[in-house]
Amino acid sequence: MIEKIKIGLNNLYLFKNKNKNDEYLLLDTGVHVKKEKILKKLIQKIGDVKKIKVIVLSHSHSDHAGNLKMLIDEIGDVRVIAHRNSENILETGKSVIPNGFYPFTEKISKKLKSKKNFSKNIFSKLEKTDMEKVIFIDFLQKEKILLSEYGFGNMEIIETKGHSNDSVSVAVFDEKNNEKYLFCGDLIQNLCFKFPLIPLFGENKEELIESWKKIILNGYDKIFPATGKEVMVRDLIRRLGKDEKNRI
């Protein structure tokens, strides 16, 4: 079972442990909101937030990690999985202003970075006891991290850099429908346009394009971005081809 929760513009996803009905994995925590708001939405879906045993961060931008500290405090017995490159951000709570991938967003990015307080604390940093609950992963020795040891045997994490240097995606195998799904954070945006978009902001566009190519080759049936509706791989291929043509 997969449940979607909307916090601000972003989709958070709950995945049920197929072997234990009372255990869930949560992908991302959303932009910082009042405690009651996110707890109410989670309780409506699963009854008790303490059923969440694992939280995975697609990356450490504030609209994805904004409620992490609060949820760790509320749940207590939980494991958090995040890319190794997110460690400093989670320890400090400092905001990150990525580059713009389009002319108008590049102007916005430069303006924000020019402000003296652009690196202010924008979400609650994790305390030492919180950091002990975080498992930081890297991909130096392997291409994917299996989630079977946490009870989610049909799921794995892959590295999908580009939007940020700590971006990961969660891959899920739906045994019932014999399909593979990818939940990709901000690697892709799919708002109200004909084709999925390269996100408005990000760190490295070339890395992002390579991540797009990697997920196309991996043969996922559907891709679920944090912003907007699901993406079919054929539309991603068409969008990528359009971008490559524009750069020639």
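This structure is a prediction, so every number in the text was calculated from the model and none was measured.

Focus: unusual backbone geometry
Unusually for a residue other than glycine, Asp 28 sits at a positive phi of about 75°. In this structure, Asp 28 sits in the loop between strand 3 (24-27) and helix 1 (35-46). Accessibility expressed as a relative area gives 2% for Asp 28, which makes it buried. One non-glycine residue with positive phi stands out, namely Asn 178, at about 55°.

Examining the sheet that holds strand 10 (residues 168-174)
Strands sit in the order 8-9-10-11-14-16 across an open sheet of 6 strands; the sheet is mixed. Among the strands making up the open sheet, the edge pair consists of strand 8 (144-146) and strand 16 (231-232). Pairing of strand 9 (residues 155-159) with strand 10, which is carried by 5 bridges, proceeds in the antiparallel orientation. Across the sheet, the residue bridging to Glu 159 is Val 168, located in strand 10.

Concerning the environment of Lys 18
As for its placement among the helices and strands, Lys 18 is situated in the loop between strand 2 (10-16) and strand 3. Residue Lys 18 is classed as partly exposed on the basis of its relative accessible area, which comes to 43%.

Quick look at the packing of aromatic side chains
This structure, assessed with the given rule, holds 6 aromatic pairs. When the centroid spacing of 6.5 Å and the interplanar angle of 35° are considered together, the rings of Tyr 102 and Phe 104 count as tilted. Ring geometry for Tyr 181 versus Phe 224: centroids 5.8 Å apart, planes at 80°, classification edge-to-face. Here the residue Tyr 181 occupies a position in strand 11 (residues 179-183), and Phe 224 occupies one in strand 14 (residues 222-224), the gap between them amounting to 43 residues. Phe 224 carries the same exposure label as Tyr 181, and that label is buried. In this structure an aromatic cluster arises from ring pairing among Tyr 13, Phe 15, Tyr 181, Phe 183 and Phe 224. The side chain of Lys 180 reaches across the aromatic face of Tyr 220, ending 5.0 Å from its centre.

Examining helix 3 (residues 68-75)
Along helix 3, 6 of the 8 residues are buried, which leaves the element largely enclosed by surrounding structure. Every buried residue belonging to helix 3 is among Leu 68, Lys 69, Met 70, Leu 71, Ile 72 and Ile 75, and all of these are buried. Following helix 3 by one or two positions, Gly 76 adopts a phi angle in the positive range, close to 85°.

A short note on a nonpolar patch on the surface
Taken together, the side chains of Phe 104, Ile 108 and Leu 112 make up a nonpolar region of the molecular surface, amounting to roughly 260 Å² of accessible area. Its place among the elements puts Ile 108 in helix 5 (residues 103-114). Its relative accessible area of 38% is what places Ile 108 among the partly exposed residues.

Notes on the pairing of strand 9
With 5 of 5 residues buried, strand 9 is to be regarded as a mostly interior element. Pairing analysis gives 3 bridges linking strand 8 to strand 9, with the strands arranged antiparallel. Its bridge partner lying in strand 9, Ile 145 is registered against Ile 157.

Side note on the nonpolar core
In terms of nonpolar packing, the biggest core is built from 31 residues, with Leu 42, Ile 52, Ile 55, Leu 71 and Leu 90 touching the most fellow members. Per element, the largest residue contribution to this core is 5 residues, and it comes from helix 3. Excluding its chain neighbours within four sequence positions, the residues that come into contact with Ile 55 are Leu 26, Thr 29, Leu 68, Leu 71, Ile 75, Val 78, Arg 79, Val 80 and Ile 81. The next biggest cluster of nonpolar side chains, apart from the first, holds 21 residues, and it includes Tyr 102, Leu 187, Ile 198 and Val 233.

Let's talk about the sheet that holds strand 4 (residues 52-56)
Strand order in the open sheet formed by 6 strands is 1-2-3-4-5-7, with mixed pairing between adjacent strands. Unpaired on one side and paired on the other, strand 1 (2-7) and strand 7 (134-137) mark the two borders of the sheet. Taking each pair of neighbouring strands and ignoring which way they run, the sheet shows an average axis angle of 20°. Judged from the 3 bridges that link them, strand 4 and strand 5 (residues 79-83) form a sheet pairing that is parallel. Counterpart to Val 56 in the pairing with strand 5 is Ile 81. Each of strand 1, strand 2, strand 3 and strand 4 touches helix 1; the most contacted strand, strand 1, lies at about 165° to it. Along the sheet, helix 3 contacts strand 3, strand 4 and strand 5; its crossing angle with strand 4, the most-contacted strand, is approximately 165°.

Reading guide: rules and limits
- Residues numbered from 1 in each chain as written.
- Predicted model: local features only at pLDDT ≥ 70, side-chain atom pairs only at ≥ 80, totals over all residues.
- Heavy atoms only, no water.
- Helix = DSSP H or I, 4+ residues; strand = E, 2+ residues; numbered from the N terminus.
- Buried < 20%, exposed > 50% of the residue type's maximum accessible area, 1.4 Å probe, protein only.
- Pairing = 2+ DSSP bridges.
- Phe/Tyr/Trp six-rings, centres within 6.5 Å; stacked < 30°, edge-to-face > 60°.
- Lys NZ or Arg CZ within 6 Å of the ring centre and 35° of its normal.
- Patch = residues over 30% accessible without salt bridge, like charges linked within 9 Å, V, L, I, M, F, W, Y side chains within 5 Å.
- Areas by Shrake-Rupley, 256 points an atom, 1.4 Å probe, with all protein chains shown as cover.
- Salt bridge = Lys/Arg side-chain N within 4 Å of Asp/Glu carboxyl O.
- Core = buried A, V, L, I, M, F, W, Y, C linked by side-chain atoms within 4.5 Å.
- Contact = heavy atoms within 4.5 Å.
- Axes fitted to C-alpha atoms, helices over the stretch in contact; angles between N-to-C directions.

It is worth stressing that arrangement in space is one thing and function is another; only the former is reported here.
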